[in-house]
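These are the residues of each chain, in order.
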Amino acid sequence: MSLHLLSLNTARVQALATPQGEVRSGIAKRGRDGAVAVGTLGLEGDEQADLTVHGGPAKAIYAYASEHYAFWQTVRAQAGVSEWGQVLPWGSLGENLTLSGLLENEVWIGDRLVFPDCELIVSEPRYPCFKFNAVMGFNQAAKLMTQSAWCGFYLAVARAGTLSTGQPFELLAGPREVGIVELFKARTRRAT
């Protein structure tokens, strides 16, 4: 299967209403057109509100599989927060890169995603929080992500450059010692 970047998404930090009150967040990502610069700390024009859990050199970019979007559209409709068949726009899960052809169970810490003008290295899974529930519109979203292990993964920037929607990329295997799903399940078991 070919690997492609379906959507390149960024957001500025803004207010997000949650059951815990209003918080600042950069989770509301939206697609970008054209080439976007990639530096050590991520994509030009993207912001994170809480740098203790998002952003920084090891978590500069967040990637998510487009293949999981149908599930999220369905559970949002079941929860009554969207209409049946309502399309969930790319970036809605807070990801910078919406990828096609690469699932969490095929990714290991240290693997490299090589794009025509940029190279990224897999650093860790994404762990959902109350902000994910808020942006999905229902309180069980983080729990469903934890149960499915459809968490996506963070990327560090190995070679700065640019990224553009529609670009193909190649997955180069790293040491293949710790998988994304394995690490995600180990950590979320301890947290629950």
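This report concerns the structure included in the present document. Quick caveat: nothing in here was measured; it's all calculated off a predicted structure.

Attention now moves to the sheet that holds strand E5 (residues 36-39). Taken together, three strands build an open sheet; the order of strands is E6-E5-E12 and the sheet is antiparallel. The open sheet terminates on both sides in strands that have one partner only, identified here as strand E6 (42-43) and strand E12 (161-163).

Before going further, it helps to examine the sheet that holds strand E10 (residues 118-125). Spatial strand order, E4-E1-E8-E7-E11-E10-E9-E13: eight strands in an open sheet with mixed pairing. In this open sheet, the two strands that pair with only one neighbour each are strand E4 (30-31) and strand E13 (170-172). With three bridges connecting them, strand E9 (residues 112-115) and E13 associate as antiparallel partners. Bridge pairing in E13 places Val-114 opposite Glu-170.

When helix H1 (residues 69-78) is considered as a whole, its buried residues turn out to be Tyr-69, Trp-72, Val-75, Arg-76 and Ala-77. Among the structural elements, strand E7 (61-65), strand E8 (97-100), helix H2 (130-136) and helix H3 (141-148) are those in contact with the buried residues of H1. Of the residues one or two after H1, Gly-80 is the one with positive phi, at around 80°.

One pass over the structure, following the stated rule, counts five salt bridges. Between Glu-44 and Arg-32 there is a salt bridge; the shortest N-O distance is 2.8 Å. With Glu-44 in the loop between E6 and E7 and Arg-32 in the loop between E4 and E5, this pair connects stretches of sequence that are twelve residues apart. Under the relative-accessibility criterion, Arg-32 is labelled partly exposed at 22%. Close ionic contact of Arg-176 with Asp-111 constitutes a salt bridge, the shortest N to O distance being 2.9 Å. Residue Arg-176 is located in the loop between E13 and helix H4 (180-191), and its partner Asp-111 is located in the loop between E8 and E9; the two are separated by 65 residues in the primary sequence.

Take Thr-162: it is sitting in strand E12. Residues Thr-162 and Glu-44 lie 118 residues apart in sequence; the distance between their C-alpha atoms is 9.4 Å. The residues touching Thr-162, leaving out its near neighbours within four places in the chain, are Ala-35, Val-36, Ala-37, Val-38, Asp-117, Cys-118 and Gln-167. Reaching out from Thr-162, the side chain makes a polar contact with the side chain of Asp-117 at a distance of 2.9 Å.

The tendency in soluble globular proteins is for nonpolar side chains to be buried as a group. Ranked by internal contacts, the top residues of the largest apolar core, which has 43 residues, are Trp-72, Leu-97, Leu-113, Leu-120, Phe-153 and Leu-163. Every residue in contact with Leu-163, bar those within four places of it in the chain, is listed here: Leu-5, Leu-8, Gly-34, Ala-35, Val-36, Val-38, Leu-43, Leu-97, Phe-115, Cys-118 and Leu-120.

About the thresholds
- Residues numbered from 1 in each chain as written.
- Predicted model: local features only at pLDDT ≥ 70, side-chain atom pairs only at ≥ 80, totals over all residues.
- Heavy atoms only, no water.
- Pairing = 2+ DSSP bridges.
- Helix = DSSP H or I, 4+ residues; strand = E, 2+ residues; numbered from the N terminus.
- Buried < 20%, exposed > 50% of the residue type's maximum accessible area, 1.4 Å probe, protein only.
- Contact = heavy atoms within 4.5 Å.
- Salt bridge = Lys/Arg side-chain N within 4 Å of Asp/Glu carboxyl O.
- Polar contact = N/O pair within 3.5 Å; in protein donor to acceptor, adjacent residues only side chain to side chain.
- Core = buried A, V, L, I, M, F, W, Y, C linked by side-chain atoms within 4.5 Å.

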